[in-house]
Amino acid sequence: MRKSKIKRETKETTIDIRIDLEGTGKAEVQTGICFFNHLLESFTKHGRFDIKAKSLGDFKHHIAEDTMIALGIALNKALGDKKGIRRMGDAIVPMDDALALVAVDLGGRVYSKVEVDFTKKRLNDLNSDLLVHLLETFASNAKLNLHVKLMRGDNDHHKAEAIFKALGVALSEAVSLTGVDEVPSAKGVI
C-alpha cells in the first residue's frame, strides 16, 4: 500500500498528516484556516487520494507552510522507490471563469514555476500572496518539478481552486501505476 504518515513538530507548529495514494478522494482536514482547508479538500477529491491533516500553530502563515512541507514529505515517502509510476502528469482544469494548467514530474529534481496573479490581498481567511509560496514549498519537499500557469480568470477564489484541483489531477496521473516494475528513468534511479 502506498501510504505514509508524517508528524512534524517545531516551536511554531504541530502537523500530523496521513496520505493514501490508493484512496477515493476522502479528506479530513483541520488546519484552522477555512480557505486552506477548502483548497486541500479540492486537491484531495480530484487527486483521488485520501488525506488526513491536523495542523496547529501560532500563525496562519506558519500553519499553512508547515502543512505543505509535511504533505510534500508524505507524498514522497508514500511513493517509495517510485518503481512502476507514470512519473509525469498534467491537467488543464476550468473553474467557472478560471482556467489553470498544472504539470508535474516526480523525477526527484526540485523546480517550480508558478505563474498566477491575484487581485485581492485575502482569499477569505488566507493571504493570497501565500499561495505561490505554498505551492513552491510543496514541490520542494515532495522533490518534484511543478509548473503552474493560470491561463485566465477573474474571481480569485476560482483561480486558487482551479490550481489546487489541477494539482490533484496532475499528481493522480503521475503517481498512477503503469504495470511495469521499474523506475521510470533512463538512469535507472530517481
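Rules behind the numbers
- Residues numbered from 1 in each chain as written.
- Predicted model: local features only at pLDDT ≥ 70, side-chain atom pairs only at ≥ 80, totals over all residues.
- Heavy atoms only, no water.
- UniProt positions renumbered as here; feature names shortened; annotations may be inferred.
- Helix = DSSP H or I, 4+ residues; strand = E, 2+ residues; numbered from the N terminus.
- Rg over C-alpha atoms; globule rule 2.2 N^0.38 Å.
- Buried < 20%, exposed > 50% of the residue type's maximum accessible area, 1.4 Å probe, protein only.
- Contact = heavy atoms within 4.5 Å.
- Areas by Shrake-Rupley, 256 points an atom, 1.4 Å probe, with all protein chains shown as cover.
- Lys, Arg positive; Asp, Glu negative; His and termini not counted.
- Charge placed at Lys NZ, Arg CZ, Asp CG, Glu CD.
- Salt bridge = Lys/Arg side-chain N within 4 Å of Asp/Glu carboxyl O.
- 1 Å grid on protein atoms, 1.4 Å probe; cavity = no way out; pocket = protein on both sides within 12 Å on 5 of 7 lines; lining within 4 Å.
- Points joined across faces, edges and corners; volume = space filled by probe spheres on them.
- Nonpolar A, V, L, I, M, F, W, Y, C, P; charged D, E, K, R; others polar.
- Expected span 1.5 Å × (residues − 1).

An unreviewed UniProt entry lists the protein under the name Imidazoleglycerol-phosphate dehydratase, from candidate division MSBL1 archaeon SCGC-AAA385D11. Listed under Catalytic activity (unreviewed entry) in UniProt, the entry text for the protein is "D-erythro-1-(imidazol-4-yl)glycerol 3-phosphate = 3-(imidazol-4-yl)-2-oxopropyl phosphate + H2O". In its Subcellular location (unreviewed entry) section, UniProt records this for the protein: "Cytoplasm".

Caption draft 1: Representation of the overall build of the protein. The helix and strand tally for the protein stands at 4 helices and 10 strands. Helices and strands in the protein line up, N terminus first, as β-β-β-α-β-α-β-β-β-β-β-α-β-α. In summary, the protein has a C-alpha radius of gyration of 16 Å against a globular reference of 16 Å for 190 residues, a match within 12%. Along the longest, intermediate and shortest principal axes, the C-alpha atoms of the protein span 45 × 40 × 30 Å. Every one of the 190 residues in the protein was classed for burial, and the buried ones make up 50%. Once local pairs closer than 6 in sequence are excluded, the contacts in the protein between residues at least 24 apart make up 77%. On the protein, roughly 9200 Å² of surface is accessible, and the fraction owed to carbon and sulfur atoms is 48%. The protein carries 29 positive and 27 negative side-chain charges, and their two centres are separated by 3 Å.

Caption draft 2: Quick peek at the pattern of salt bridges. Applying the stated rule across the entire model yields 7 salt bridges. Among the ionic pairs, lysine 159 bridges to aspartate 156, the shortest N-O distance being 3.1 Å. Residue lysine 159 and its partner aspartate 156 are both found in helix α4 (residues 156-175); the two are separated by 3 residues, about one turn of the helix. Here lysine 159 matches aspartate 156 in class, with each residue buried. Between lysine 165 and glutamate 161 there is a salt bridge, with its nearest N and O atoms 3.3 Å apart. Separated by 4 residues within a single helix, lysine 165 and glutamate 161 lie in helix α4, roughly one turn from each other. Across the pair, exposure class does not vary: lysine 165 and glutamate 161 are buried alike.

Caption draft 3: Layout of empty space enclosed by the protein. Under the counting rule described, the total for this entry stands at 1 cavity of 30 Å³ or more. The space that makes up the largest cavity amounts to roughly 30 Å³. Lining the largest cavity are Ile17, Val29, Leu40, Ile51, Ala53 and Leu71. Looking at the lining of the largest cavity, its residues break down into 6 nonpolar, no polar and no charged.

Caption draft 4: The arrangement of helix α3 (residues 130-142) in detail. Spanning 13 residues, α3 covers 18 Å between terminal C-alpha atoms, matching the ideal 18 Å at 1.5 Å per step. Within the span of α3, buried status applies to Leu130, Leu131, Leu134, Leu135, Thr137, Phe138, Ala139 and Ala142. Backbone geometry just after α3 places lysine 143 at a positive phi near 60 degrees.

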